[in-house]
Amino acid sequence: MTTADMWFDPRCPWAWNASRWLLEVERVRPVTVRFHVMSLFVLNDGREGIEDWYREWLKPGMGPVRVAVAAEQKYGPEVLRDLYTALGNRIHHERAPIGRELYVAALTELGLAPELADAADSTEYDAALLASHHAGLEPVGEDLGTPTIHVTVDGRRTAFFGPVVAPAPRGEDAGRLWDGVLLVAGTDGFFELKRARTRPPIER
């Protein structure tokens, strides 16, 4: 069995696509996926040269990640899989505004304590968030972001940023992408394969 650990920010649409792809991979390959939290707000805090629209987009970013970490601290890391789905469906498909109503709805859907929504405006879980954030990004480079994936096969770990894909492949297409990603990411000295993005991450 292969383990894939993915670090996500609930608001990142490219991470959302990668996470849906990984869940498809579980269906067609002997892979177990585990989810962890990182923060695009933390990643970009104090960074120069950020476009104005992206700086504005980042502003409410701590709320969702804090709520996710609070739930992880209370219920264990396994809760992140379903909580990410509950948050992501609302953020990326329902276009729900980022705020308390979103957090309470996602928590309630899963039978989790709705008062965990209070974490969005608290620094109580920030140390745990930072620890998770740095654990995910340190092997790939702090200048990257999410999706960040660590793959462990027979005790050997490979870490990389990506894939950046839209839409998320399904079925055996997901499996073939997985096979290819493992092949290139596992090649010593391989660093980058890239082309221009020609479509939005989430179709309107």
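Our structure is the block above this text.
Residues numbered from 1 in each chain as written. Predicted model: local features only at pLDDT ≥ 70, side-chain atom pairs only at ≥ 80, totals over all residues. Heavy atoms only, no water.

Draft legend 1. Fine view of the side chain of Thr 146. Residue position: Thr 146 is located in the loop between helix H7 (126–137) and strand E3 (148–153). Separated by 2.7 Å, the side chain of Thr 146 and the backbone oxygen of Trp 7 make a polar contact. Leaving out residues up to four positions away in the same chain, Thr 146 has contacts with Met 6, Trp 7, Phe 8, Asp 9, Cys 12, Ala 15, Met 38, Leu 40 and Phe 161. (Helix = DSSP H or I, 4+ residues; strand = E, 2+ residues; numbered from the N terminus. Polar contact = N/O pair within 3.5 Å; in protein donor to acceptor, adjacent residues only side chain to side chain. Contact = heavy atoms within 4.5 Å.)

Draft legend 2. Expanded view of the packing of helix H4 (residues 62–75) against helix H5 (residues 79–93). Closest axis-to-axis distance for the H4/H5 pair is 10 Å, and the angle between their directions is 150°. Between H4 and H5, the crossing angle belongs to the class labelled roughly antiparallel. Crossing hand, H4 versus H5: right-handed. Across the interface between the two elements, Pro 64, Val 67, Ala 68, Ala 71, Glu 72 and Tyr 75 of H4 pack against Val 79, Leu 80, Leu 83 and Leu 87 of H5. For the contact of H4 with H5, the residue count by class is nine nonpolar, no polar and one charged. (Axes fitted to C-alpha atoms, helices over the stretch in contact; angles between N-to-C directions. Parallel < 35°, antiparallel > 145°, perpendicular 65-115°, else oblique. Left-handed = near helix turned anticlockwise from the far one by under 90°. Nonpolar A, V, L, I, M, F, W, Y, C, P; charged D, E, K, R; others polar.)

Draft legend 3. Spatial organisation of helix H1 (residues 13–28). In a regular helix each residue adds 1.5 Å, so 16 residues correspond to 22 Å; H1 covers 23 Å between its end C-alpha atoms and thus fits that length. When you tally the buried positions in H1, you get 13 out of 16 residues, the bulk of the element. (Expected span 1.5 Å × (residues − 1). Buried < 20%, exposed > 50% of the residue type's maximum accessible area, 1.4 Å probe, protein only.)

Draft legend 4. Quick look at the pattern of salt bridges. A complete count under the given rule lists 11 salt bridges for this structure. Salt-bridge contacts for Lys 59 lead to Glu 56; the nearest nitrogen and oxygen are separated by 2.8 Å. Residue Arg 66 pairs with Asp 126 through a salt bridge whose shortest N-O separation is 2.9 Å. Of the two residues, Arg 66 is situated in helix H4 and Asp 126 in helix H7; the sequence distance between them amounts to 60 residues. According to the relative accessible area criterion, Asp 126 is buried, its value standing at 17%. Linked by salt bridges that have partners in common, Glu 24, Arg 27 and Arg 170 make up one network. (Salt bridge = Lys/Arg side-chain N within 4 Å of Asp/Glu carboxyl O.)

Draft legend 5. Examining the packing of H5 against helix H6 (residues 100–109) more closely. One way to put it is that H5 packs onto H6 with a least axis distance of 9 Å and a crossing angle of 135°. Considering the angle they form, H5 stands oblique to H6. Here the hand of the crossing between H5 and H6 comes out right-handed. Residues Leu 83, Ala 86, Leu 87, Arg 90 and Ile 91 of H5 touch H6, and the partners they reach there are Leu 102, Tyr 103, Ala 105, Ala 106, Leu 107 and Glu 109. Residues of the contact of H5 with H6, tallied by class, amount to nine nonpolar, no polar and two charged.

Draft legend 6. Focus on the packing of aromatic side chains. Taken as a whole, this structure holds seven aromatic pairs when the rule is applied. With 6.0 Å between their ring centres and 50° between their planes, Trp 21 and Trp 178 make a pair best called tilted. On the criterion of sequence distance, the pair formed by Trp 21 in helix H1 and Trp 178 in helix H8 (residues 171–185) is long-range, its members being 157 residues apart. On the basis of relative accessibility, which here comes to 3%, the residue Trp 178 falls in the buried class. Three or more aromatic residues joined by ring pairs form one cluster here, namely Phe 8, Trp 16, Phe 35 and Tyr 84. Note that Arg 11 overlies the ring of Trp 57, its terminal NZ or CZ placed 4.0 Å from the centroid. (Phe/Tyr/Trp six-rings, centres within 6.5 Å; stacked < 30°, edge-to-face > 60°. Lys NZ or Arg CZ within 6 Å of the ring centre and 35° of its normal.)

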